[in-house]
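Given next are the chains, with one letter for each unit.
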Amino acid sequence: MTTHFRRTLLERATLPYRAAGHFAWHFARGKLKGDPVFFGLLEHGLLPDGERLIDLGCGQGLLASWLLEARALHEAGNWPDGWPAAPKIESIWGLELMPNDVARARAALGDRAQVDQGDIRTADFGQADVAIILDVLHYISYEAQEDVLRRIRAALPAGGTFITRIGDAAGGLPFHYSNWVDHVIFFLRGHGIIPIYCRPLNEWLEVLQRCGFEARSLPMHKGTPFCSMMLVAKAV
Ligand SMILES: C[S@@+](CC[C@H](N)C(=O)[O-])C[C@H]1O[C@@H](n2cnc3c(N)ncnc32)[C@H](O)[C@@H]1O
């Protein structure tokens, strides 16, 4: 049942990317299948229901496509026994720096989600019930990280959920390997050679606390050679 369900969700979430071109479709298939974060969010029930979810550094909008299709399958009664309900989210807003990614996201998602081009260091996040940042924070300076986290806190109500995935700088070889892969991919995607700003897990948890969150962590790298941790935070 679960294997069949997984294949169905993957097919449905990647299909819209056919409209965004060859690269977008292949990238969507590879990423949604190979990165444990997408099924992990659902299996662990990490995202609550909410009016507005903001996805900062959303790339080509894969998370939005994933959540929309997951909810549609759940509502149709096609959902694995024992999994928490798929989150019911009224609107999804993605913000992304790279115009090409924004164009791919818009081509795939149409009016099912809003995706804007912008920089998380300066954009106005508005108000939200849920905020998520997957694999982005290390691209901005330590000061900017804290500023973004404080502005996310201000955008959420008390009890609002913030989720982010980071690389644990205390993670040894797998951490260094993921950094190397990151540099190569970013170079190939036209960002040039950029500095990255990583922290060990304990420090991330301290920073989140300083910025007004209570957070816990769980590994989110199953089946990959990386050392990625999910930080699941509640606004206090
Ligand atoms: C590793 S990708 C992750 C994309 C997406 N979160 C996902 O999981 O599919 C990192 C993304 O963050 C974007 N990014 C980096 N710095 C950013 C910034 N300052 N503002 C907005 N987006 C940024 C990059 O362009 C890239 O699309």
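Here the structure is shown first, and the text comes after it.
Just so you know, these numbers come straight off a predicted model, no measurement behind them.

Peer 1: For this particular structure, what's the right way to read the overall build of the chain?
Peer 2: Summing up its helical and strand segments, the chain has 8 helices and 7 strands in all. Against the compact-globule benchmark of 18 Å for 236 residues, the chain has a radius of gyration of 17 Å, which places it among compact chains. Dimensions along the principal axes, computed over C-alpha positions, put the chain at roughly 45 × 40 × 35 Å. A buried classification covers 52% of the 236 residues belonging to the chain. Considering only intrachain contacts with a sequence separation of at least 6, the fraction spanning at least 24 residues in the chain is 72%. Just so you have it, the chain exposes about 11,100 Å², and 55% of that area is on carbon and sulfur atoms. Positive and negative side-chain charges in the chain, numbering 24 and 26 respectively, have mean positions lying 5 Å apart.

Peer 1: Any chance you could explain the pattern of salt bridges here in plain terms?
Peer 2: Oppositely charged side chains are able to pair whenever their charged atoms sit close together. Tallied over the entire structure, the rule returns 16 salt bridges. As a salt-bridge pair, lysine 31 and aspartate 35 come within 3.9 Å of each other at their nearest N and O atoms. Exposure remark for lysine 31: the relative accessible area of 28% places this residue in the partly exposed category. You can call aspartate 35 buried: its relative accessible area is 11%. Here aspartate 135 ties to arginine 165 by a salt bridge, and the two come within 2.6 Å at their closest N and O atoms. Taken together, the positions of aspartate 135 in the loop between strand S4 (130-134) and helix H6 (142-155) and arginine 165 in strand S5 (residues 161-167) put the pair 30 residues apart, joining distant regions of the chain. Note on aspartate 135: relative accessible area 24%, which makes it partly exposed.

Peer 1: For this particular structure, what's the right way to read the layout of surface pockets?
Peer 2: Empty space left among the atoms is revealed by rolling a probe the size of a water molecule over them. Volume-wise, the second largest pocket comes out at about 310 Å³. Every residue lining the second largest pocket is counted, 13 residues in all, and those nearest its centre are Pro36, Phe39, Gly40, Glu43 and Lys222. Of all the secondary-structure elements, those providing two or more residues to the lining of the second largest pocket are helix H2 (22-34) and helix H3 (37-43). In terms of residue count, H3 provides more of the lining of the second largest pocket than any other element does, 3 residues in total.

Peer 1: How do you make sense of the site of the ligand when you look at a structure like this?
Peer 2: Every one of the 19 residues lining the ligand counts as a neighbour, but Gly57, Glu96, Asp119, Ile120 and Leu134 are closest to it. Note that a nitrogen atom of the ligand is positioned 3.0 Å from one of the backbone N or O atoms of isoleucine 120. A class-by-class count of the residues in the shell around the ligand yields 9 nonpolar, 4 polar and 6 charged.

Peer 1: Please clarify how a nonpolar patch on the surface should be interpreted in this entry.
Peer 2: A surface patch of nonpolar side chains, amounting to about 720 Å² of accessible area, comprises Tyr177, Trp180, Val184, Phe187, Leu188 and Ile193. Note on isoleucine 193: relative accessible area 74%, which makes it exposed.

Criteria and cut-off values
Residues numbered from 1 in each chain as written. Predicted model: local features only at pLDDT ≥ 70, side-chain atom pairs only at ≥ 80, totals over all residues. Heavy atoms only, no water. Helix = DSSP H or I, 4+ residues; strand = E, 2+ residues; numbered from the N terminus. Rg over C-alpha atoms; globule rule 2.2 N^0.38 Å. Buried < 20%, exposed > 50% of the residue type's maximum accessible area, 1.4 Å probe, protein only. Contact = heavy atoms within 4.5 Å. Areas by Shrake-Rupley, 256 points an atom, 1.4 Å probe, with all protein chains shown as cover. Lys, Arg positive; Asp, Glu negative; His and termini not counted. Charge placed at Lys NZ, Arg CZ, Asp CG, Glu CD. Salt bridge = Lys/Arg side-chain N within 4 Å of Asp/Glu carboxyl O. 1 Å grid on protein atoms, 1.4 Å probe; cavity = no way out; pocket = protein on both sides within 12 Å on 5 of 7 lines; lining within 4 Å. Points joined across faces, edges and corners; volume = space filled by probe spheres on them. Near = heavy atom within 4 Å. Polar contact = N/O pair within 3.5 Å; in protein donor to acceptor, adjacent residues only side chain to side chain. Nonpolar A, V, L, I, M, F, W, Y, C, P; charged D, E, K, R; others polar. Patch = residues over 30% accessible without salt bridge, like charges linked within 9 Å, V, L, I, M, F, W, Y side chains within 5 Å.

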